[in-house]
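In case you want the letters, here they are:
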Amino acid sequence: MAPAPESPAAQLHRAVSETSRSTTGGILASGRSVEAVHEIVARGAALGDAYMARSPTDPGLLACKKGCSTCCSRPVGTTAPTVLRLAAWLREHRTPDELAEVRRRVAALDDVTHGKMWTPRERPPNPCALLVDGACSVYGVRPFACRAWNAVDVEECKRSMGQDWTALRFDLYQRTTFAAVEDGIKLALGEAGLDGGDLELTAALRVALERPDAGVAWLAGEPVFAGCEAKLPPNQRRHLPLAQ
Ligand code: SF4
């Protein structure tokens, strides 16, 4: 029997993840440095943005608008390169006092959420430590999961907060694009012998902010982010849906 034809979302996922994988592999092949790690994430974001520029979805159909931060109370899954770049960006763009305040907020949230399973009971909605005055304070370097998340209806998004989010209607193109970028990065990291496992943003960022040498140590294979793993329930292995 002939194999079932690939869905448009699966085609999109394959194209984006393959490009992301080869781009990441090429960067790592030309030299392993903290700067290269930052470039991996920047190139991944640019790849996702390029695909989003030709999205067939009418943005007017989405509920996501400036001023809405509903989704920023969910746990965020990410990987080491994104966390390392985010910490470096904060060090570069915040004064010492501001950075101390970011570290305080991140540590306070981590004290509450660390190691909790991502279920409504164990990990109820809690605003992200990087959410300031209702807006993302690191918007340009936010994780791929944050770039991917979207909803058609804000009330659905709010209602789904403490429930099974898979009931949510969303733009699969946006979800698939940024999930595929991150999947490609993870594949390339694994091929290069680097740890591309899913991390929980708050816990991992706390480590990266407290350890200025976190990037060098991670590149050297040290288990820098041990204990910061994303705690997805067994029936929800991904923080983003696979292409369908
Ligand atoms: S990093 Fe920014 S976009 Fe992502 S959850 Fe935190 S505040 Fe929201």
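Use the structure listed above.
Residues numbered from 1 in each chain as written. Predicted model: local features only at pLDDT ≥ 70, side-chain atom pairs only at ≥ 80, totals over all residues.

1. Notes on the overall build of the chain
When you go through the chain residue by residue, the secondary structure sums to nine helices and four strands. The linear arrangement of helices and strands in the chain, starting from the amino end, is α-α-β-α-α-β-β-α-α-α-β-α-α. The C-alpha radius of gyration of the chain comes to 18 Å, within 12% of the 18 Å expected for a compact globule of 244 residues. Once the C-alpha set of the chain is aligned to its principal axes, its extents read approximately 55 × 45 × 35 Å. Taking the intrachain contacts of the chain between residues at least 6 apart in sequence as the baseline, contacts between residues at least 24 apart amount to 80%. (Helix = DSSP H or I, 4+ residues; strand = E, 2+ residues; numbered from the N terminus. Rg over C-alpha atoms; globule rule 2.2 N^0.38 Å. Contact = placed C-beta atoms within 7 Å.)

2. A word on the site of the ligand
Around the ligand, the structure places Cys72, Val76, Cys128, Leu130, Leu131, Cys136, Val138, Arg142, Pro143 and Cys146. Tallied by class, the residues present in the shell around the ligand amount to nine nonpolar, no polar and one charged. (Near = placed C-beta within 6 Å. Nonpolar A, V, L, I, M, F, W, Y, C, P; charged D, E, K, R; others polar.)

3. Some details on the packing of helix 3 (residues 80–93) against helix 8 (residues 201–210)
Relative to each other, helix 3 and helix 8 sit at 50°, their axes nearing to 9 Å. As summarised for this structure, helix 3 and helix 8 are arranged oblique, according to the angle between their axes. By crossing handedness, the relation of helix 3 to helix 8 is classed as right-handed. Contacts from Val83, Leu84, Leu86, Ala87 and Leu90 in helix 3 reach Ala204, Leu205, Ala208 and Leu209 in helix 8. Class assignment of the residues belonging to the contact of helix 3 with helix 8 gives a composition of nine nonpolar, no polar and no charged. (Axes fitted to C-alpha atoms, helices over the stretch in contact; angles between N-to-C directions. Parallel < 35°, antiparallel > 145°, perpendicular 65-115°, else oblique. Left-handed = near helix turned anticlockwise from the far one by under 90°.)

4. Structural notes on the packing of helix 2 (residues 34–52) against helix 7 (residues 172–191)
At a minimum axis distance of 10 Å, the contact between helix 2 and helix 7 shows a crossing angle of 155°. For the element pair helix 2 / helix 7, the angle class is roughly antiparallel. For helix 2 against helix 7, the interelement crossing comes out right-handed. Mapping the contact onto sequence places Ile40, Gly44, Leu47, Gly48, Tyr51 and Met52 in helix 2 and Gln174, Thr177, Phe178, Val181 and Ile185 in helix 7. Of the residues in the contact of helix 2 with helix 7, the class split is seven nonpolar, four polar and no charged.

5. Re the nonpolar core
Counting residues in each nonpolar core, the largest one holds 58 residues, and the members touching the most others are Val83, Leu84, Ala87, Ala204, Leu205 and Ala208. Listing elements by their share of this core, those giving two or more residues are helix 1 (8–29), helix 2, helix 3, helix 4 (96–113), helix 5 (144–148), helix 7, helix 8 and helix 9 (214–219). When neighbours within four sequence positions are excluded, Leu84 is seen to be in contact with Val34, Val37, Ala208, Ala214, Gly215 and Trp218. (Core = buried A, V, L, I, M, F, W, Y, C linked by C-beta atoms within 7 Å. Buried ≥ 20, exposed ≤ 12 C-beta atoms within 10 Å, placed from the backbone.)

6. Focus on helix 2
Since one α-helical turn is 3.6 residues long, residues separated by three or four positions face the same way. Taking 1.5 Å of rise per residue, 19 residues should cover 27 Å, and helix 2 covers 27 Å from first to last C-alpha, within 8% of that figure. Within the span of helix 2, buried status applies to Val37, His38, Ile40, Val41, Gly44, Ala45, Leu47, Gly48 and Tyr51. (Expected span 1.5 Å × (residues − 1).)

7. Describing the environment of Asp213
The residue Asp213 is located in the loop between helix 8 and helix 9 in this model. When the C-alpha atoms of Asp213 and Val16 are compared, they prove to be 31 Å apart, with 197 residues separating the residues in sequence.

8. Things to note about helix 1
With 22 residues, helix 1 should reach 32 Å at 1.5 Å per residue; the first-to-last C-alpha distance of 31 Å fits that figure. Along helix 1, the residues classified as buried are Leu12, His13, Val16, Ser17, Ser20, Arg21, Thr23, Thr24, Ile27 and Leu28. On the buried face of helix 1, the contacting elements are helix 2 and helix 7. In the segment just after helix 1, Gly31 is the residue with positive phi, at about 145°.

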